[in-house]
Amino acid sequence: PELGTPSLDVWAGARFHPFVTQAAPFMAVGAEINFRQIPRVEGAPLPQESSSYTEIVPEMRWGFAFLRRPHEDYVNTVFPNVEIYGITGWRIANRVDGHALRVGMGISSPALMILSAACEAPIPAMFEITMDVDSMYSGEREYAFRFGWHF
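Residues numbered from 1 in each chain as written. Predicted model: local features only at pLDDT ≥ 70, side-chain atom pairs only at ≥ 80, totals over all residues. Heavy atoms only, no water.

### Examining the environment of Y53
Here comes step 1: Within the fold, Y53 resides in strand β3 (residues 52–66).
Here comes step 2: A relative accessible area of 6% means that Y53 is categorised as buried.
Here comes step 3: Along the sequence, Y53 and D97 sit 44 residues apart, while their C-alpha atoms lie 9.7 Å from each other. (Helix = DSSP H or I, 4+ residues; strand = E, 2+ residues; numbered from the N terminus. Buried < 20%, exposed > 50% of the residue type's maximum accessible area, 1.4 Å probe, protein only.)

### Focus on the nonpolar core
Inside soluble globular proteins, nonpolar side chains tend to come together where they are buried.
Here comes step 1: The biggest cluster of nonpolar side chains holds seven residues, and these are A24, F26, A65, L67, Y85, I87 and M126.
Here comes step 2: Contributing elements (two or more residues each) for this core: β2 (23–37) and β4 (82–91). (Core = buried A, V, L, I, M, F, W, Y, C linked by side-chain atoms within 4.5 Å.)

### Concerning the sheet that holds β4
Here comes step 1: A sheet is described by the order of its strands in space; here seven strands give the open sequence β1-β2-β3-β4-β5-β6-β7, paired in antiparallel fashion. A strand with exactly one partner marks an edge of an open sheet, and here the two such strands are β1 (8–16) and β7 (142–148). The sheet shows a mean angle of 20° between the axes of neighbouring strands, taken without regard to direction. (Pairing = 2+ DSSP bridges. Axes fitted to C-alpha atoms, helices over the stretch in contact; angles between N-to-C directions.)

### A closer look at a nonpolar patch on the surface
Here comes step 1: Taken together, the side chains of F64, F66, I84, M105, I107, F127, I129, F145 and F147 define a hydrophobic patch exposed on the protein surface, amounting to about 920 Å² of accessible area.
Here comes step 2: Residue assignment for the nonpolar patch shows that the elements contributing at least two residues are β3, β5 (100–108), β6 (126–133) and β7.
Here comes step 3: On the secondary structure map, F64 appears in strand β3. (Patch = residues over 30% accessible without salt bridge, like charges linked within 9 Å, V, L, I, M, F, W, Y side chains within 5 Å. Areas by Shrake-Rupley, 256 points an atom, 1.4 Å probe, with all protein chains shown as cover. Salt bridge = Lys/Arg side-chain N within 4 Å of Asp/Glu carboxyl O.)

In structure tokens form, the structure reads like this:
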């Protein structure tokens, strides 16, 4: 369905740095849980259960984190200056959408998130573009642009 309504997306997982340097590769494994509303369309039947649904997407993210000195410091590893990463996942079928491969890319700045909190200005510090490729039910591709806070 057309996602004409905002949604709350939560990603939880673990990030691994195989070695820590100024520009360190990383890998993160986790799952995305999206709470979505079904948009109301004139003349279209809605599912009887409710007008919302939950989407679950196990994902893997990999890319580079650019760290402050000292690179080995725990806080600098958890809150790098910038992360640039790719996204790969598998959307599990739900009552609205079918299975689909999710691919995308993102950039985030956990350090910017800390600065915006210190300035009491909620500036988004994460931007992602994703595409769910060829849903098993609809055969369509779904694109999403997301922004938020990430560490």
